[in-house]
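Inside the fold
So the chains spell out like this:
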Amino acid sequence: MADKPNATKNVLIVGVGGQGVIMVSKVLAQLCQADGHDVKQSEVHGMAKRGGGVFSHVRFGPKVWSPTIPEGEVDILVALEWAEGLRWIKHLKPDTGTFIADCQKIVPPFACRNRKRGAEPAYAPQTPEEIIDQVHAGYVMDATGMAANLGNAKASNTVLLGALSTVLEFPEDAWQDIIAGTVPPKSVEINARAFAEGRAWAQGGEKRIDVTASGLHKAHSEVHHPQVDTVVEITAEWCKGCDICVKMCPERCLRLNGQLKAELALPDLCTGCQLCSWLCPDMAIKVTNTPITEPAE
Amino acid sequence: MSHAQRQETAEPTAAGAARPMTGNEAIARGVWEAGCKVAAAYPGTPSTEIMENVAGYPAEDIHAQWSTNEKTAMDVAIGASFAGVRAFTAMKHVGMNVAADALMSFSYIGVNGGLVIAVCDDPGIHSSQNEQDSRIYARFAQVPVLEPSDGQEALEFTRAAFALSEKYDTPVFVRSTTRLSHTRSAVVLGAREDQTGRAFHDLPAKNVMIPAHARRQHGVVLERERRLTEMLSDSPFNRVEPGQGKVGIITSGIPYTYVKECLPDAPVLKLGVTWPLPDRLIRDFAASVDRVIVVEELEPLIEDALKAMGIAAEGKAYFPREGEFSPEIVHDGFANAGLMDPRSNAAPFEFAPMVRPPVLCAGCPHTSCFMALRALDARVAGDIGCYTLAVVEPLKSIDTCVAMGSSIANAVGMAKAGTETKPIVATIGDSTFLHSGIPPLIDAVYNNADITVFILDNHITAMTGGQDHPGTGRTLRGEPSPRVDFFELVKSLGVKHVHKVDSYDIATMQQQLREAVAHKGVSVVISDRPCVLDPVKIKGPAMEVAQESCIACQACMNLGCPALTWSEEWHEGRHKVQIDPDACIGCSLCAQLCTSHAIKPIAEPA
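As the structure is a computational prediction, the values presented were derived from the model and not from experiment. (Residues numbered from 1 in each chain as written. Chains lettered and ligands numbered in written order. Predicted model: local features only at pLDDT ≥ 70, side-chain atom pairs only at ≥ 80, totals over all residues. Heavy atoms only, no water.)

**Digging into the nonpolar core**
Membership of the largest hydrophobic core comes to 108 residues, with the highest contact counts inside it found for Phe99 of chain A together with Leu441 and Val524 of chain B. If you tally residues by element for this core, the top one is helix H15 (residues 366–376) of chain B, at seven residues. Contacts of phenylalanine 99 of chain A, omitting those with residues within four sequence positions, involve Leu77, Ala79, Trp82, Gly85, Ile89, Leu92, Ile131, Val135, Ala137, Gly138 and Tyr139 of chain A. Membership of the second largest hydrophobic core comes to 44 residues, among which are Phe173, Ile250, Ile282 and Ile311 of chain B. (Core = buried A, V, L, I, M, F, W, Y, C linked by side-chain atoms within 4.5 Å. Buried < 20%, exposed > 50% of the residue type's maximum accessible area, 1.4 Å probe, protein only. Helix = DSSP H or I, 4+ residues; strand = E, 2+ residues; numbered from the N terminus. Contact = heavy atoms within 4.5 Å.)

**Quick word on empty space enclosed by the protein**
Residue and element names in this part refer to chain A. For the coordinates displayed, the defined rule picks out 12 cavities of 30 Å³ or more. Taken as a whole, the largest cavity holds about 320 Å³ of empty space. When grouped by side-chain class, the residues that make up the lining of the largest cavity number 27 nonpolar, five polar and two charged. If you add up the space inside the second largest cavity, you get close to 110 Å³. Lining the second largest cavity we find 15 residues, and of these Cys249, Cys253, Cys270, Cys273 and Cys276 sit closest to its centre. Of the residues belonging to the lining of the second largest cavity, the class tally is 11 nonpolar, three polar and one charged. (1 Å grid on protein atoms, 1.4 Å probe; cavity = no way out; pocket = protein on both sides within 12 Å on 5 of 7 lines; lining within 4 Å. Points joined across faces, edges and corners; volume = space filled by probe spheres on them. Nonpolar A, V, L, I, M, F, W, Y, C, P; charged D, E, K, R; others polar.)

**A short note on the state of the cysteines**
Note on terminology: a disulfide is the covalent bond linking the sulfur atoms of two cysteines. A complete count under the given rule lists zero disulfides over all chains for this structure. Cysteine 556 of chain B provides the cysteine sulfur closest to cysteine 112 of chain A, a residue in no disulfide bond, and the two sulfurs are 10 Å apart. The exposure class assigned to cysteine 112 of chain A is buried, which follows from its relative accessible area of 3%. Of all cysteine sulfurs, the one in cysteine 361 of chain B lies closest to cysteine 531 of chain B, which takes part in no disulfide; the gap is 6.4 Å. By relative accessible area, cysteine 531 of chain B is classed as buried at 9%. (Disulfide = S-S within 2.5 Å.)

**Regarding the interface of chain B and chain A**
Contacts between the two partners involve 76 residues from chain B and, on the opposite side, 76 residues from chain A. Approximately 6800 Å² of surface area, both sides summed, lies buried where chain B meets chain A, with 59% of it carried by carbon and sulfur atoms. At the boundary of chain B with chain A, the tally comes to five salt bridges. Here glutamate 84 of chain A makes a salt bridge to arginine 356 of chain B, at a shortest N to O gap of 2.6 Å. Where chain B meets chain A, there are 21 residue pairs in polar contact (both at pLDDT 80 or more). Of all elements in the fold, only strand S1 (18–22), helix H8 (178–181), strand S8 (183–188), helix H11 (253–262), helix H14 (327–336), H15, strand S21 (564–571) and strand S22 (574–579) of chain B reach the threshold of two or more residues within the side of chain B that touches chain A. By residue number, the principal contributor to the side of chain B that touches chain A is H11 of chain B, which donates seven residues. A per-class count over the side of chain B that touches chain A returns 40 nonpolar, 17 polar and 19 charged. The pairing of strand S2 (residues 38–43) of chain A with S8 of chain B spans three bridges and is classified as antiparallel. Across the sheet, the residue bridging to lysine 40 of chain A is serine 185 of chain B, located in S8 of chain B. (Buried area = accessible area lost by both parts, 1.4 Å probe. Salt bridge = Lys/Arg side-chain N within 4 Å of Asp/Glu carboxyl O. Polar contact = N/O pair within 3.5 Å; in protein donor to acceptor, adjacent residues only side chain to side chain. Pairing = 2+ DSSP bridges.)

**What about the UniProt feature "binding site: [4Fe-4S] cluster 1" (unreviewed entry) in chain B?**
Within the UniProt annotation, "binding site: [4Fe-4S] cluster 1" (unreviewed entry) is assigned to Cys550, Cys553, Cys556 and Cys594 of chain B. The largest pairwise C-alpha distance within this set of annotated residues, which runs over 45 residues, is 10.8 Å, so the set is compact in three dimensions. Within the fold, cysteine 550 of chain B resides in the loop between strand S20 (543–545) and S21. What makes cysteine 550 of chain B buried here is its relative accessible area of 9%. Not counting residues up to four positions away in its chain, the partners in contact with cysteine 550 of chain B are Val545, His571, Lys576, Val577, Ser596 and Ala598 of chain B. Structurally, cysteine 553 of chain B can be placed in the loop between S20 and S21. A relative accessible area of 7% means that cysteine 553 of chain B is categorised as buried. Setting aside residues no more than four positions away along its own chain, cysteine 553 of chain B makes contact with Arg115, Leu275 and Trp278 of chain A together with Thr595 of chain B. (UniProt positions renumbered as here; feature names shortened; annotations may be inferred.)

**Description of the pattern of salt bridges**
Residue and element names in this part refer to chain B. All told, the structure shown has 47 salt bridges over all chains when counted by the stated rule. For arginine 280, the salt bridge goes to aspartate 234, with nearest N and O atoms at 2.9 Å. On the criterion of sequence distance, the pair formed by arginine 280 in helix H12 (residues 279–287) and aspartate 234 in the loop between helix H10 (211–232) and strand S9 (239–241) is long-range, its members being 46 residues apart. Residue arginine 280 is classed as partly exposed on the basis of its relative accessible area of 32%.

**Some words on the layout of surface pockets**
Each pocket or cavity is described by its volume, and for the second largest pocket that value is around 1000 Å³. Residue lining of the second largest pocket: 37 residues in total, with Lys247 of chain A together with Arg374, Ala375, Leu376 and Gln510 of chain B positioned closest to the centre. Looking at the lining of the second largest pocket residue by residue, the class counts come to 21 nonpolar, six polar and 10 charged.

**Observations concerning the sheet that holds strand S7 (residues 172–177) of chain B**
Residues and elements named next belong to chain B. One open sheet accounts for seven strands, arranged S3-S2-S4-S5-S7-S6-S12; its pairing is mixed. In this open sheet, the two strands that pair with only one neighbour each are strand S3 (63–66) and strand S12 (273–275). When strand S5 (residues 115–121) meets S7, the two strands line up parallel, connected through six bridges. Note on S7: the bridge partner recorded for valine 116 is valine 172.

**A few points about the UniProt feature "binding site: [4Fe-4S] cluster 2" (unreviewed entry) in chain B**
Residue and element names in this part refer to chain B. Per the UniProt record, "binding site: [4Fe-4S] cluster 2" (unreviewed entry) is found at Cys561, Cys584, Cys587 and Cys590. A maximum C-alpha distance of 10.7 Å places the annotated residues, which cover 30 residues in sequence, within one compact spot. Of the annotated residues named above, the ones that line the largest cavity are Cys561, Cys584, Cys587 and Cys590. With respect to the helices, strands and loops of the structure, cysteine 561 is situated in the loop between S20 and S21. On the basis of relative accessibility, which here comes to 15%, the residue cysteine 561 falls in the buried class. Relative to the helices and strands, cysteine 587 is located in the loop between S22 and helix H21 (589–593). Excluding residues within four positions of it along the chain, cysteine 587 makes contact with Gly363, Tyr504 and Gln592.

**Some thoughts on the environment of tryptophan 175 of chain A**
All names here are of chain A. Tracing the backbone shows tryptophan 175 in helix H6 (residues 172–182). Looking at tryptophan 175, the relative accessible area reads 0%, which means it is buried. Sequence separation of tryptophan 175 and leucine 161 is 14 residues, and the distance between their C-alpha atoms is 8.6 Å. Apart from residues no more than four positions distant in its own chain, tryptophan 175 is found in contact with Val27, Leu28, Leu31, Leu161, Leu164, Ser165, Leu168, Phe170 and Phe195.

**A look at the pairing of strand S3 (residues 53–61) of chain A**
Residues and elements named next belong to chain A. In terms of burial, S3 is largely enclosed, as seven of its nine residues are buried. Note that strand S1 (residues 9–16) and S3 share eight bridges and pair antiparallel. Considered in S3, the bridge of leucine 12 is made with histidine 57. Relative to S3, S2 is paired through six bridges, and the arrangement is antiparallel. Counterpart to glutamine 41 in the pairing with S3 is valine 58.

This is the structure we're talking about:
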């Protein structure tokens, strides 16, 4: 570990389920093994397939003990998704670690749950520029965009392998041979081109950010959304107590009262989304959002 | 995993070759090399791939099958052992709870053909409901437990376990953990042993556990344990690695690799068998050092045994009793014990990572079921499967989840308690229902419980990666087999109110559930649509949101569908919604919920 020399090289590959994290780590592990290294590759299955984060540790050297990489000991972090890269970045070696990331975002539904006016997705706000300043070497590339231009966005993991190949000392043909033997026969050619493109891009310097990245991670919208006063009016005579609004309110702030009429029980939770009003078959609910006039300076 | 993929991952490679294998692949190879003839299992993370890989070896070498549950699988293996061939079963740790009934008696009986049980624990609870330590089961059943530390040992220990089983007339555990099962390393392969079957042992005093026989066999078991204890002090399973210093480490399994990572030069007693413990070897090792530190994941099984032997062992004072170990945790433990400097925590990045919980897939047929349940405002007893994910927002509709098959009888108990004002619903998947849902459903009918059972039939064992079961019409090797008809099965148990409903028709689904809940007594609703991932990945034409029509009401976002995110456009201060066409499979649930008819299939280009 940190206080003694260790010839083991540590590569951590991270992303989201379905992106091909395991393919990247299998290619690397096979390459290392063919080169005569002891190799351990460790991943955790299970929930990963269902849109959660996926990570795979690849360690190689004369003799590898632990299957997992200790925190702060990662030589190269390969992130197939931007926020997943940020999740693991503190595992990089502070002085010598290399960060390779696809700048594309995969925003989970969990990040789009706030119905308050002006709410932005709860996605990592850090920009490539501020991250790359803090790592020893870093490549933030539009791997998905490059792969899509070649005809298949799914080959983004091979683009990243191309970038990874510039940091490790294995010959280019060895990479290409193992990739060709790993991917389905019909996508051998596109993966070969994706690898070459990723490799060529990363040879352009030790700290590079693709222009697309800056566009994708621009500061949140400048649009101003005035706060509003929300009034929910329910016409009791028209309400037949069908319960639809109560059951479908995303904030669960409505209920049926003793007379089986809908009422706003928890006004503080109401975001003024109007869903109840749109769903009410009896047009008994009216939601009014009045902008609050801000006092003049 | 499809049948074709299985063939690809486990072809019988020639002996002598080294190839990268996960711990699970290596265990499967060990089973095949040992000349095992019959193998049975029920899928369960992290053990599932063992049986999938066993099925990659030729059918004429080994019969491999999915069983309906772990006890059934154990009993199939026991039957094969009775019949004189080597037999194998694999399960996750909680599967052992199901299989334990048969195990406890079979320990008394012993084997004819060798019987090996691979049990995979899940320290850290990556995909389970608890993190119990299966070594305690081995001690409880008084059978040996082997703990490999890497892929090579996984193969060799598994193969050797069969011989050990036959020599000592005992079932044998091979214990793995998630980390070993799912770590790939180079494994040198061997050839398959030629095992000619033995004849059935016509010995009722050994094979039939009536009280008189069992009393005598208990003594045999105790004597067996004494003989094993003596043998294990000289066995190659356990080894002393001499080192520098007077602090000796006793460890086993995956923690051994962390010990070597942290203290490569310390004297180590590596235990390949953690029950029974090699008394003489441990005493000699302890006498050779000033301090003994035990490094073991989960329970202090070794440490407590050492203390009972009168050895002043240290262990859980420095290392946690819960969670998965890592090189960092073992380093911290050694630092606490004064053997290492504390780790430097100079992480330059200080920000909280974004939350990305696992979700039901885009188009998952369970989505509409839980949307409807949420709207029903029912008290829902959940079960084990992908659908446990409905415990979180936005579907947030299950209230309890205990163990495989628990939901139905939990619902019976809730109903009989008489305290619940909400309708009571049990949700259970097709595979889980066949595993252990049928007896409780009979129980519910028998005792006239006022509950609704919602069978979520997605035609596969989905959570573990898509395994066949008796409801799919295919066996583990992909051969056709009779298919359980859930509708007829449920009717035959005496349920009067049974309805089948299309999971992609949310209005009918909700109506069927309302009617079922209104029915007095047991009612059953069966939702019917295949899993979108297995056995074939379903991908229909994607839907799109017409941005000019979207009023940002976010009703579709209540589905929690991973294909739905916010677009850059706004309506009255809220983001409009967009659909990722690559992720969308065209199930149309969002379109059915849309309040402004803004969601339609992507128009074909003219």
